[in-house]
Amino acid sequence: MALTCMIVDDEPLAVRLLVSYVEKTPDLQLLDSFTDSIRAINAVKEQKPDLLFLDIQMPNIDGMELAHSLPEETRVVFTTAFKEYAFESYEVNALDFLLKPIRYSKFLAAVEKAREWFTVYSLQFTGVLQTSPSDPSELSSVNSKPSTVNKTIFLKVDGEWRSVVIDKITYVSCIKDYVMFYLDDEPKALITHLTMKAVEQMLPADKFLRIHRSYIVATDKIRKIDRNDCVYIGKEIIHVPDGYLPAFRAFLESRSPS
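Q: In this structure, what is going on with the overall build of the protein? I would like to understand it.
A: Across its full length, the protein carries 7 helices and 15 strands. Counting the 258 residues in the protein, one finds 47% classified as buried. Look at the contacts in the protein between residues 6 or more apart in sequence, and 55% of them connect residues 24 or more apart. Accessible area for the protein stands at about 13,400 Å²; split by element, carbon and sulfur atoms hold 50% of it.

Here it is, written out as structure tokens:
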């Protein structure tokens, strides 16, 4: 899969190194590079690269701030000399975190991880992708309309593509940038490298609902909901936080006798 990219780093030597890596990586096209984060913002929004190799410590606007303003379709690979930023990078769903000095092998591994992500992302859809609202209170369902085409999804698990029947998914949870799919007929969760946003977009709205930042559930498999807004599903008890309650209660009303 061919990908486009941009580079943003206030150190010219670091930019030149990454440019040289891009040039020798097949099917990776460099759209532009910047040492000024302010100039980079407008270019990224206009050209919407697939990948942004982004330094964190920069004058004016740092990389973490810039990452929060990126287009939905642009994924971030952070490049920094400070490993203490690794945990914070997960808050913006970074695909990878490369510690300087960056070796080409690490750079290439990050690009391959990006290819996997975009491949999974593109495999799930036929037609126009639906964008989920950023405000959880606006979420009435996983997508804006139900899927009438896909009965299976493909997940890369332990280096292999697994075909998963959507109707067998009980719920989905996440830890950082790893997502666990819990299925009716699998004793252990299937773990794959994805974001919850991507999962939201691949699952049909008439069957799944996001009830928590870290949980999406198959609505037909909810066993019970107690008076404290806790959902009982599979072996989990999930408390629905305030931000997700309006959409959750709207779902309950739609399924309750009038």
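Q: Teacher, can you tell me more about the sheet that holds strand 14 (residues 230-233) here?
A: Strand pairing in a sheet relies on backbone hydrogen bonds. The paired strands run either parallel or antiparallel. Spatially, 3 strands are ordered 13-14-15 in an open sheet, and the strand pairing comes out antiparallel. Each edge of the sheet is formed by a strand with only one pairing partner; in this case those strands are strand 13 (224-225) and strand 15 (236-239). Bridge count for strand 13 against strand 14 is 2 bridges, and the pairing is antiparallel. Looking across to strand 14, one finds that Lys224 is bridged to Tyr232.

Q: Help me understand the pairing of strand 11 (residues 208-212), please; the structure alone is not making it clear to me.
A: Regular strands place side chains that alternate from one sheet face to the opposite one. Buried residues dominate strand 11, accounting for 4 of its 5 residues. Count of turn residues in the strand 11/strand 12 (residues 215-218) antiparallel hairpin: 2 residues.

Q: Looking at this model, I keep getting lost on the pairing of strand 6 (residues 152-157). Mind explaining?
A: The two faces of strand 6 differ: Ile153, Leu155 and Val157 on one face are buried, but Thr152, Phe154 and Lys156 on the other face are not. As judged from the 6 bridges shared by strand 6 and strand 7 (residues 160-165), these two strands associate in the antiparallel manner. Considered in strand 7, the bridge of Ile153 is made with Val164. The turn joining strand 6 and strand 7, which pair antiparallel and follow one another in sequence, is formed by 2 residues; a positive phi near 55° is taken by Asp158.

Q: Mind showing me how you'd approach the side chain of Thr195 here?
A: Assignment of secondary structure puts Thr195 in the loop between strand 10 (190-193) and helix 6 (196-202). Its relative accessible area of 5% is what places Thr195 among the buried residues. Polar side-chain contacts of Thr195 include one of 3.1 Å to the backbone nitrogen of Ala198.

Q: How should I be thinking about the pattern of salt bridges in this particular structure?
A: Where charged atoms from two side chains of opposite charge approach closely, those side chains can pair. Applying the stated criterion to the full structure yields 12 salt bridges. One salt-bridge network, held together by shared partners, links Asp9, Glu11, Asp55 and Lys100.

Conventions and cut-offs
Residues numbered from 1 in each chain as written. Predicted model: local features only at pLDDT ≥ 70, side-chain atom pairs only at ≥ 80, totals over all residues. Heavy atoms only, no water. Helix = DSSP H or I, 4+ residues; strand = E, 2+ residues; numbered from the N terminus. Buried < 20%, exposed > 50% of the residue type's maximum accessible area, 1.4 Å probe, protein only. Contact = heavy atoms within 4.5 Å. Areas by Shrake-Rupley, 256 points an atom, 1.4 Å probe, with all protein chains shown as cover. Pairing = 2+ DSSP bridges. Polar contact = N/O pair within 3.5 Å; in protein donor to acceptor, adjacent residues only side chain to side chain. Salt bridge = Lys/Arg side-chain N within 4 Å of Asp/Glu carboxyl O.

This is a description of form; function is not addressed.
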